[in-house]
Amino acid sequence: MLGRMRRAFGYLAFAGVLSVVLAACGGTSLGPAGESPSGSEAPSGQAPAAKKVFTIAYKDDLATLDPAVGYDWTNWPAEKMVFDGLLDYDDTTNLVPQLAESLPEVSPDATVYTFHLRHGVKFQNGRELTADDVAYSITRVLDPATKSPGAGFYMGIQGAQDFVAGKADHVSGIEVLDPYTIRFTLSSPDVTFGNKMALNFAFVVPKEEVEKYGADFGHHPVGTGPFTFVSWTPGQELVFKKNPDYFKPGVPKLDEVHIQVGVEPEVALLRLEKGEIDMMGDPIPTADLARVLSDPAWQDRITKAPQVSTIYIAINTRVKPFTDVRVRQALNMAIDKDRVIKLLGGQGTVANQILPPLMPGYDPDYQGYPYDPAKAKQLLAEAGYPDGFETTMDCLDVDPQPKICQSFQQDLAQIGIKLDIKTLESGTLIADAGTEGKVPLVWSGGLAWIQDYPDPDDFYSPILGCGSAVPGGWNWAWYCNQDLEAKEQKAIGMTDREARLQAYREIFRALMDDAVWVPVYNGEYIIAHGANVVGKPTDFAHPEHTIRYEQLDLK
Amino acid sequence: MTRYLVRRALSSLTVLFGISVVTFAMIYFLPVDPARMYAGPHASVETVARIRHQMGLDLPLWDQYGRYVARALQGDFGYSYDLQMPVTEAVLSRFPYTLELIFAAIFVELVLGLPLGVAAAVWKNSWIDGLATVLALLGVSSPPFWLGLLFLYFFAFQLGLFPLGGVGGLSHLVLPALTAGLGGVGWYARMTRSSLVEALGADFVRTARAKGLSEWTVVLKHAVKNALNPIVTMAGQDIPWFVGGVVVVEMVYAWPGVGRLAVEAILADDVPLIMGTVTLTALLVVASSIVIDIAQAWIDPRIRLEA
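Residues numbered from 1 in each chain as written. Chains lettered and ligands numbered in written order. Predicted model: local features only at pLDDT ≥ 70, side-chain atom pairs only at ≥ 80, totals over all residues. Heavy atoms only, no water.

(A) Focus on the interface of chain A and chain B. Residue-level contacts link 68 residues of chain A with 61 residues of chain B. When chain A packs against chain B, close to 5,400 Å² is buried across both sides, 68% of that on carbon and sulfur atoms. We note a salt bridge from D61 of chain A to R94 of chain B, for which the minimum N-O separation is 3.6 Å. Here chain A is connected to chain B by 10 residue pairs in polar contact (both at pLDDT 80 or more). (Contact = heavy atoms within 4.5 Å. Buried area = accessible area lost by both parts, 1.4 Å probe. Salt bridge = Lys/Arg side-chain N within 4 Å of Asp/Glu carboxyl O. Polar contact = N/O pair within 3.5 Å; in protein donor to acceptor, adjacent residues only side chain to side chain.)

Structure representation (structure tokens):
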């Protein structure tokens, strides 16, 4: 009865609102009701000869297009349009030459990297790129005045420490041998240096343009890339157009790329359904996901691709009772991961280890901990907690994370652990988790580690190594094992790839035995786009670049 | 008048100073590290420390505040981490959009609310009067976020009458202005009605009727004119109210206003941008309230600006 009344009231409300709106349209000069919206320059249904304009919409504005400064998943693919690095990736995770004409010559001990550059590559201002530009770009990232978040990747270059400390006016390990040859000398062996040279931070920028715009270079980017920057209206739109002089034949295929910003995902989905945009930059809203995935009309407008990420519960190894490995193992057996995947609407796959499946070093033979609450309870009893205990978990306040944490709460209640959930916004959560001894458990959902580059070391040093178990660090398990640290030091210099990956498999196996995380699931991208967009799944969601605009095309 | 203005300006400065202290303190007592937020999760701890130093975040609090105020007095509100541009530039470039939306919303309130109120007063206790009451209730009880999405879905997506958000011509403005303004239509109608009912019972109206003027001339030329003053006050008070009220509308309609900028700043823990949007918005509110007071005195000679 109450329900019917409420519904009746709802109709009444709607009718009332409607009448006012119609009155407004008819009775005043606010807007001719019949006028068709001028903004709908529908890219679909254009004649083949027409200009190919690709439009994507994001919720948040981009911060910058300066490759030395930008460090998130919205500006990285946009930077990739304007700039190139010496190296790049193929469709998967293999390094290929880009501005370099071949892969670098590496000394047997992996400390000296020599790159030979392509001849005749031009910046969009017409000047030819030389090795001096490469030296300038890397030095600029290291320069504290640039405030580059990526400086840490290049601190292993000889002389970088002195340069950053102001003791030297250049980095001694960067040498320009001739206009097309540059040599990097490292202070210790590092086989991942090639990956670091494929990061956005190592994209090559022209000195004269950086000096011309100063701190505002990020809003006036000039590089060698497949697209030229045209305009940026803050809070509204960024426009890029095809670089006709791009050094790679056949790309890009699109004439223009428009990035709309400030569009809520709900509205972006409507724009996509209406054909006003060609792709959603943000994930599909959870409320619409089930409908979209089950609707046959959407089948050729959805692309799925795995994300190189692991979403996990970090167990603080320095907080009681998690100092006891048996308690940590019990947690690993108590979590029902399948239910988490259900809560995510199928957006992900269950994880049983720290490295995600696409990451070199992933161990397909490793079985992980089984879901076994009975065994978990037994382990707790052995550790001296037959009746369980109370503890807390930090959890991001963004849907669906709190729901997932409540699922953990149920799981842990089964083995007698009373879980208190603290939902926090990201800044507070990060600060909390990076404070020693403060948070027993952290759910990384919404903040999870996504690879910088496809090398297992990227999942060790920054999140599980001793160097990151410091205040403000990202090692939320506060785990530091000197024995593993020594093994990692050795592994990072191994040039025999198979032996090296084996060494990492052992390190990550040891980390799982020590149960420092509960790896819960590996992420997945579900991208919504127009039916007329042509591209491989890895062009929509590349493991390194997210979107590869230069590969996409419109029918 | 001049004395009045000087006094108001001085008291406004105190208000702005208070707001800057409170915002500054609130932000700095949050356990968030702005340098880490700027650098992102993957930056090494040493890199974050260097960035913190570059940003001056390792200075004592009073020193940071002093530098902030000294620069703010020259119109420099610092550099936004999240947008990588000067805060003043970012906020000022968004203000025109917010003002456009606010004035359009007030326009909607007046254009729909006044006639409805007049009709309700003239045909007191009729169905029109009832409709005005129902609309007032509906207006205040429908959340703008819901209303906005509903309008977008119905009028833009299904019927294709308007664009799906964004800015451009007049057609882009209609739905956001309705969403922001409809809530107030009922209020204006109620206010106009009660003010007009009072005026219609006054002696000068009886005199006008006795002169043999037509009923509509009496209502529109004599009564409405006298009933207008509370409406002007209400419209004036709407400006500061809408500065907060249009935030949600800006979010739904991809409207590049200052409200959405503030929300983005808060979500990104972008301290200079939060400070800048709050302080500059406060400046707008304070300035508009002075203008309204002066306008009222101008419209109604009975009001004096006391120094």
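Now that the structure has been shown, the text picks up again.
(B) Broad picture of helix α8 (residues 170-200) of chain B. All names here are of chain B. Between its first and last C-alpha atoms α8 spans 38 Å; for 31 residues at 1.5 Å apiece the expected length is 45 Å, and the helix comes up short by more than 12%. Helix geometry: α8 is bent most strongly at G181, by close to 45°. For α8, the tally of buried residues reaches 23 of 31 residues, placing the bulk of the element in the interior. (Helix = DSSP H or I, 4+ residues; strand = E, 2+ residues; numbered from the N terminus. Expected span 1.5 Å × (residues − 1). Bend = angle between axes of the 7 residues up to and from the residue. Buried < 20%, exposed > 50% of the residue type's maximum accessible area, 1.4 Å probe, protein only.)

(C) Layout of a nonpolar patch on the surface. Residues and elements named next belong to chain B. A cluster of nonpolar residues, V6, L10 and L13, forms a patch on the protein surface that exposes about 300 Å² of accessible area. Residue placement: L13 occurs in helix α1 (residues 2-29). In this structure L13 comes out as exposed when scored by relative accessible area, which is 54%. (Patch = residues over 30% accessible without salt bridge, like charges linked within 9 Å, V, L, I, M, F, W, Y side chains within 5 Å. Areas by Shrake-Rupley, 256 points an atom, 1.4 Å probe, with all protein chains shown as cover.)

(D) Main features of the state of the cysteines. Residues and elements named next belong to chain A. The full count for this structure, using the stated rule, is two disulfides over all chains. Note on cysteine connectivity: C466 is disulfide-linked to C480, with sulfurs 2.0 Å apart. Taking the torsion about the sulfur-sulfur bond, which here is approximately 90°, the covalent link between C466 and C480 counts as right-handed. Within this pair, whereas C466 is found in the loop between α14 (461-464) and α15 (482-491), its partner C480 is found in the loop between α14 and α15, the two being separated by 14 residues in sequence. By relative accessible area, C466 is classed as buried at 14%. According to the relative accessible area criterion, C480 is partly exposed, its value standing at 33%. (Disulfide = S-S within 2.5 Å.)

(E) Representation of the packing of aromatic side chains. Tallying each qualifying case throughout the model produces 26 aromatic pairs over all chains. Centre to centre, the rings of W443 of chain A and Y521 of chain A are 6.4 Å apart; their planes meet at 40°, and the pair counts as tilted. Taken as a pair, W443 of chain A in strand β16 (residues 441-443) and Y521 of chain A in strand β18 (residues 517-528) lie far apart in primary sequence, 78 residues in all. Each member of the pair, W443 of chain A as well as Y521 of chain A, is classed as buried. Taken together, a centroid distance of 5.4 Å and an interplanar angle of 85° make the contact between F154 of chain B and F155 of chain B edge-to-face. F154 of chain B sits in the partly exposed class, given a relative accessible area of 30%. (Phe/Tyr/Trp six-rings, centres within 6.5 Å; stacked < 30°, edge-to-face > 60°.)

(F) Quick look at the pattern of salt bridges. Residue and element names in this part refer to chain A. Enumeration over the complete set of coordinates arrives at 35 salt bridges over all chains. Here E209 ties to K212 by a salt bridge, and the two come within 3.7 Å at their closest N and O atoms. Within this pair, E209 and its partner K212 are both found in helix α6 (residues 207-213), separated by three residues, close to a single helical turn. Judged by its relative accessible area of 8%, E209 is buried.

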